[in-house]
Amino acid sequence: MTQKRVTSFDVAREAGVSQSAVSRAYTPGASISKRTRDKVEAAARKLGYQPNAIARSLISRRSNMVGIVMADIINPFYPAVLDMFMRKFQERGHRVMLFMASRDQNIDDLLPQLLEYQVDGVIITSSTLSSEMAEYCSKLGTPVTLFNRYVPDVEASSICCDNIGAGRSVADLFLNSKHQQLAYIAGIENTSTNKDREYGYKTRITERRAKPMLKEVGNYTYEGGYQAALRLFAAGQPDAIFCANDIMALGVMDALRSELKLRIPEDVSIIGFDDIATAAWQGYRLTSIRPPIERMVDATINNLIERIEDPSTPLAASIESIELAIRDSARLPEHIGMLHSFE
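Looking at an unreviewed UniProt entry, one finds the protein named LacI family DNA-binding transcriptional regulator, with Balneatrix alpica as its source organism.

Visitor: Looking at this structure, I do not really get the packing of aromatic side chains. What am I missing?
Guide: Ring pairs (aromatic) are described by centroid distance and by the angle formed between their planes. Taken as a whole, this structure holds eight aromatic pairs when the rule is applied. Their ring planes at 55° and their centres at 5.7 Å tell us that tyrosine 184 and phenylalanine 242 sit as a pair that is tilted. Within this pair, whereas tyrosine 184 is found in strand E6 (residues 182-186), its partner phenylalanine 242 is found in strand E8 (residues 240-243), the two being separated by 58 residues in sequence. The aromatic ring of phenylalanine 273 is capped on one face by arginine 197, whose charged end is 3.5 Å from the ring centroid.

Visitor: Explain the packing of helix H8 (residues 163-176) against helix H9 (residues 192-207) here, please?
Guide: Any two packed helices are characterised by the angle at which their axes cross and by the distance between the axes. Two numbers describe how H8 lies on H9: the axes approach to 7 Å, and their chain directions differ by 40°. It follows from the interaxial angle that H8 and H9 lie oblique. Seen from above, H8 lies across H9 with right-handed handedness. Residues Asn163, Ile164, Gly167, Arg168, Val170, Ala171, Asp172, Phe174 and Leu175 of H8 touch H9, and the partners they reach there are Thr193, Asp196, Arg197, Tyr199, Gly200, Tyr201, Thr203, Arg204, Ile205 and Glu207.

Visitor: Would you mind showing me how to read helix H5 (residues 77-91) here?
Guide: Residues lying three or four places apart along an α-helix face the same way, a consequence of the helix completing one turn every 3.6 residues. In a regular helix each residue adds 1.5 Å, so 15 residues correspond to 21 Å; H5 covers 22 Å between its end C-alpha atoms and thus fits that length. Turning to H5, its buried residues number three or more, namely Phe77, Tyr78, Val81, Leu82, Met84, Phe85, Lys88 and Phe89. Projection of H5 onto a plane perpendicular to its axis shows the buried side chains occupying an angular sector of 165°, all on one side. Away from its buried face by more than 90 degrees, H5 exposes Gln90 and Glu91. Looking at the buried residues of H5, the elements they touch are strand E1 (65-70), strand E2 (95-100), strand E3 (121-124), strand E4 (144-147) and helix H12 (293-309). With its phi angle positive at about 80°, glycine 93 sits one or two positions after the end of H5.

Visitor: Is there a simple way to think about unusual backbone geometry in this case?
Guide: Most peptide bonds take the trans configuration, and most residues that are not glycine carry a negative phi. The linkage connecting isoleucine 264 with the following residue, proline 265, adopts the cis geometry, with an omega of 10°. As for its position among the elements, proline 265 is in the loop between helix H11 (246-258) and strand E9 (269-273). The phi dihedral of lysine 178 falls on the positive side, at around 70°, and the residue is not glycine. Mapped onto the elements of the fold, lysine 178 is located in the loop between H8 and E6. Even without a glycine there, the phi angle at tyrosine 220 is positive, about 65°.

Visitor: Quick question: what am I supposed to make of the packing of helix H1 (residues 8-15) against helix H3 (residues 34-47) here?
Guide: Remark: H1 packs on H3, axes separated minimally by 9 Å, with the N-to-C direction vectors making an angle of 115°. Seen along the crossing, H1 lies across H3 with a hand that is right-handed. Contact residues: Asp10, Val11, Glu14 and Ala15 in H1; Lys39, Val40, Ala43, Ala44, Lys46 and Leu47 in H3. Residue classes in the contact of H1 with H3 are distributed as six nonpolar, no polar and four charged.

Visitor: When you look at the pattern of salt bridges in this model, what are you seeing that I'm missing?
Guide: It is possible for side chains bearing opposite charge to pair when their charged atoms get close. The full count for this structure, using the stated rule, is 18 salt bridges. Here aspartate 172 and arginine 208 are joined by a salt bridge, their closest N and O atoms 2.9 Å apart. Linking aspartate 172 in helix H8 with arginine 208 in the loop between H9 and strand E7 (214-217), this pair joins segments that are 36 residues apart in sequence. The partner of glutamate 189 in a salt bridge is lysine 215, with the nearest N and O atoms 2.7 Å apart. One end of the pair, glutamate 189, is in the loop between E6 and H9; the other, lysine 215, is in strand E7, and 26 residues separate them in sequence. Owing to a relative accessible area of 31%, lysine 215 belongs among the partly exposed residues under this scheme. Here the salt bridges do not stand alone but share partners, grouping Arg168, Asp172, Arg204, Glu207 and Arg208 into one network.

Visitor: Help me understand the pairing of strand E10 (residues 287-290) in this model?
Guide: Regular strands have side chains that alternate between both faces of the sheet. Here E9 runs beside E10; their pairing, made up of three bridges, is parallel. When the sheet's bridge partners are listed, phenylalanine 273 is paired in E10 with isoleucine 289. Strand direction decides the pairing type here: E10 and strand E12 (residues 323-325), joined by three bridges, are antiparallel. Looking at the pairing, arginine 290 lines up with glutamate 323 of E12.

Visitor: Help me understand H1, please; the structure alone is not making it clear to me.
Guide: Burial in H1 covers these residues: Ser8, Asp10, Val11, Ala12 and Ala15. Packing partners of the buried residues in H1 comprise helix H2 (19-25) and H3. Positive phi shows up at glycine 16, right after H1, with a value of about 70°.

What counts and how
- Within each chain, residue numbers correspond to sequence positions counted from 1 in written order.
- Predicted model: local features are reported for residues with pLDDT of at least 70 only, side-chain atom pairs are reported and counted for 80 or more only, and whole-chain, interface and lining totals are derived from all residues.
- Water and hydrogen atoms were dropped before computing side-chain values, which therefore reflect all heavy atoms in the structure.
- Pairing of aromatic side chains requires ring centres within 6.5 Å, counting the rings of Phe and Tyr and the six-membered ring of Trp. Pairs whose planes differ by under 30 degrees are stacked, by over 60 edge-to-face, and all others tilted.
- For the purposes of this entry, the term helix denotes a DSSP run of H or I that reaches at least four residues, the term strand denotes a run of E that reaches at least two, and both are numbered from the N terminus.
- Comment: the charge-over-ring label is applied if NZ (Lys) or CZ (Arg) is within 6 Å of the ring centre and within 35 degrees of the ring normal.
- Fitting a line to C-alpha atoms yields each axis, with helices limited to the stretch in contact; the angle taken between N-to-C directions then spans 0 to 180 degrees.
- Oblique is the label for any angle not under 35 degrees, not over 145, and not in the 65 to 115 range, which are roughly parallel, roughly antiparallel and roughly perpendicular in turn.
- Helix crossings fall into two classes, left-handed where the near helix is turned counterclockwise from the far one by less than a right angle and right-handed where it is turned clockwise.
- For this analysis, residues touch if any pair of their heavy atoms sits within 4.5 Å.
- Every helix has an expected span of 1.5 Å times one less than the residues it contains.
- Classification of residues uses two cut-offs on accessible area relative to the type maximum, computed with a 1.4 Å probe and protein chains only: under 20% is buried, over 50% is exposed, and between them is partly exposed.
- Throughout, the arc means that of the directions going from the helix axis to the C-beta atoms.
- Residue polarity is assigned by list, with Asp, Glu, Lys and Arg as charged and Ala, Val, Leu, Ile, Met, Phe, Trp, Tyr, Cys and Pro as nonpolar; anything else, Gly included, falls into the polar class.
- Salt bridge, as used here: a side-chain nitrogen of Lys or Arg that lies within 4 Å of a carboxyl oxygen of Asp or Glu.
- Strands were regarded as paired on the criterion that DSSP finds at least two bridges between them.

Written out as structure tokens, the structure is:
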């Protein structure tokens, strides 16, 4: 025989309080005394009551659910980011719905599926968004924040690190260390992160009148970096390589050592980007640009929640400073410490 579901009205009668008091007891941030909350929770335990989030969302017109779109989950940078988003949203009473996009999937095709779940807001971490889809989200009252990227002229907030400044700083570090032929291994070429890192690096090399930069494309993957390194050395002899992310840099290091029999950093200096956990492994000891992930996640969450609660909140366009985690893969000026800040 099916047992009757316990409702908030049952809990209210058992606790001797109003139904609205039961509702407030399970609403994060709602005003309720400790004594009343304790009575409600005791009655709920006794009766086996479980709050109905769907019913609450119908009443409040808020799901307390945020959608996160990721397209590069195999990159260790993004699982670490996702873990931080999940924990911090949960601390603030929000649930996360994750949507995975393939690398070649158009986010405009995926986003309407996500919006069917009535999410309060959307964070896009590793895909691009058209101005038309951003406008559609705006008309629905669903704010969108881009994490670690931006799209010009799109109605969405963006929280990024200083990718252009990072590229410029890496070029200066290599040139100040007397490297002669600099090279760049690009990620996915049409992404804002790759474009800005390459732009900063290349323009600084030009400004300092060094040899023109060599370039190959690794598409942000380990195998892509490995093969890009082989192509790079078939065409020239760089003595310093800046990789658009760490995964490619690890592939580059393995290719140089195993196939080209080159020493790192004696023959070739390598700097990556993201400072993933693997970068510190003893077999790599990769020097890497460290983006301020926690600061970026906090800024993304704060902006999205502010815009959910107050649609008149202006869009954000934040660019956060970066640091350099120095290990053993690059010959750099002696005065730089283990963690160098770029301002």
